[in-house]
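What follows is each chain in one-letter form.
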Amino acid sequence: MTTTPMQDLRTKRMLTRDHLLAYSTESESWLAALGRRYTSVEQLQGVLNNLPTLSADVVERFDFKLTPYLAQLMDENDPNCPIRLQYLPSNSEVDYKPYELGDSLAEDHHMPEGTVIVHRYPQRVLFLVQPTCGAYCRYCTRARFVAHAAVHQSEIEASIQYLKAHTEVADVLLSGGDPLLLTNDKLDALLSRIRTECPHVRFLRIGSRLPVQLPTRIDAGLCELLERNNVQMVNIHINHPKEITPLLASRLKMLRKAGVMLGNQVVLLKGVNDDALVLRELFMQCIEMGVRPYYVYSMDLVPGNSHFVVDLARMKELYHQVRGWISGPAVPTFVIDGMAGLGKMPIMPEYIAYDDMLGVVTATNFEGRTSRMDFLAPGFDWNTTNPNCQEDFIPHTGAKT
Ligand SMILES: *Cc1c(COP(=O)(O)O)cnc(C)c1O
């Protein structure tokens, strides 16, 4: 007797193509959906076509995990599908470059002994509460850390003691791995301890890609505990408009109703989202969902991801093709996280140029039109007869019109 895909769904954990087409993430709990993750590219044979043929080195390099929800969003045939490129391994990954460092941001040097805290900035810290993720991004900054067995309870304890002792810390950002892989009970316990034992912490936020990999993780229980523990912000990670679905939008709305500010962080990846029209569409769709585009990162270089690098000139050009072309609140800050632990630094094309020899200030807008605004030059002589404010400058006559 043959079974229908729907009947099979009740027993089969991993989904073949037919099962995947019939499957709805909303039909089961988020934990059950995690149990259905694909754990190797081989398991995707017959689910997606034109899969890469991988060398053994690539397979061993880094864990593979993919939720059925993400597999549904991937193009069945196109190997250059922007979601496939982010999650499916590629042989380019073992073309190692000597300057790729496992810990390129020198985070390990900023981790107090025995803790899972990265204390890089004066008043804010990362708290790496959990080392695994819902699905693994191939370009992961923290590949050296994620997919490891566990963060030990003793490290959590030491981290809380560190936070208690460091009253200058006003901002705690739960990260990992993915903090939302903790069950509601565990997350609640952790957040409550920070809130009760560290009253100097003013801002509590979570960075997670799980909403984008498995939107049903956002359930009523999660929203209730985030609201009760006054978690003010959740930053998610959408790199391409193809990752946005009605299910994601509706679950994010639940977070907003719980009073949580939402931000989106993008990593610029060659071949995935290094395109101005893609970025404009992504940022406008974020704003439509009530998610403020927060950062666009230059990808952190770690072993095996150099094929994704977008160069600096292109990065500035992309900023130029976004600012002015879409709503101001939809424009994120473009940043480079400095190697050796310099921290995040903004990059921007030059809009306002100042020549200190000539005292000339030239403003250039998003369309390339310019005007002179020399009155902004330090030491500008306000009694000058030639104000040198050109193009759009309309002399003020004092006459009422
Ligand atoms: C990104 C980051 C933060 C948070 O930075 P914000 O600019 O406040 O979002 C904190 N600590 C470390 C080590 C970071 O990399």
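I will try to describe carefully the structure that is included in this document. (Residues numbered from 1 in each chain as written. Predicted model: local features only at pLDDT ≥ 70, side-chain atom pairs only at ≥ 80, totals over all residues. Heavy atoms only, no water.)

Once that is clear, we can look at the packing of aromatic side chains. Taken as a whole and judged by the stated rule, the model has nine aromatic pairs. Ring geometry for Y139 and F308: centres 6.1 Å apart, planes at 85°, overall edge-to-face. Separated by 169 residues along the polypeptide, Y139 in the loop between β2 (124–130) and α7 (153–165) and F308 in the loop between β7 (292–298) and α13 (312–320) bring together distant segments of the chain. With respect to burial, Y139 and F308 carry one shared label: buried. Measuring from ring centre to ring centre gives 5.0 Å for F380 and W382, while their planes differ by 90°; the resulting arrangement is edge-to-face. Among the residues examined, W382 registers a relative accessible area of 64% and is labelled exposed. (Phe/Tyr/Trp six-rings, centres within 6.5 Å; stacked < 30°, edge-to-face > 60°. Helix = DSSP H or I, 4+ residues; strand = E, 2+ residues; numbered from the N terminus. Buried < 20%, exposed > 50% of the residue type's maximum accessible area, 1.4 Å probe, protein only.)

Contacts to the ligand come from V118, R120, Y121, R124, L126, L173, R205, Y294, Y295, D337 and K344. In the model, an oxygen atom of the ligand is placed 2.7 Å from a nitrogen or oxygen of the R205 side chain. A distance of 3.0 Å separates an oxygen atom of the ligand from a polar side-chain atom of K344. Computed on the free molecule, the ligand has an accessible area of 390 Å², of which 89% lies beneath the protein chains in the complex. Broken down by class, the residue content of the shell around the ligand amounts to six nonpolar, no polar and five charged. (Near = heavy atom within 4 Å. Polar contact = N/O pair within 3.5 Å; in protein donor to acceptor, adjacent residues only side chain to side chain. Areas by Shrake-Rupley, 256 points an atom, 1.4 Å probe, with all protein chains shown as cover. Nonpolar A, V, L, I, M, F, W, Y, C, P; charged D, E, K, R; others polar.)

What follows covers a nonpolar patch on the surface. On the surface, a nonpolar cluster with roughly 360 Å² of combined accessible area is contributed by F375, L376 and W382. Locating L376 in the fold gives a position in the segment after β12 (370–372). (Patch = residues over 30% accessible without salt bridge, like charges linked within 9 Å, V, L, I, M, F, W, Y side chains within 5 Å. Salt bridge = Lys/Arg side-chain N within 4 Å of Asp/Glu carboxyl O.)

Next up on the list: the pairing of β2. The buried fraction of β2 is high, at six of seven residues. Hairpin connection of strand β1 (residues 117–118) to β2: five residues between the antiparallel strands. Where β2 and strand β3 (residues 171–176) come together, six bridges link them in parallel fashion. Bridged to F127 within β3 is L174. (Pairing = 2+ DSSP bridges.)

Now for the environment of C286. As for its placement among the helices and strands, C286 is situated in helix α12 (residues 276–288). Taking the relative accessible area as the measure of exposure, C286 reaches 0% and is therefore buried. Those residues in contact with C286 that lie beyond four places of it in its chain are I238, N264, V291 and P293. (Contact = heavy atoms within 4.5 Å.)

Here the amide bond leading from G176 into G177 is cis, since omega sits at 15°, within 30 degrees of zero. Within the element layout of this structure, G177 appears in the loop between β3 and α8 (184–197). The backbone of N50 shows a phi angle near 55°, a positive value even though the residue is not glycine. At A106, a position not held by glycine, the phi torsion is positive, near 50°. Positionally, A106 belongs in the loop between α6 (82–87) and β1. What makes A106 buried here is its relative accessible area of 10%.

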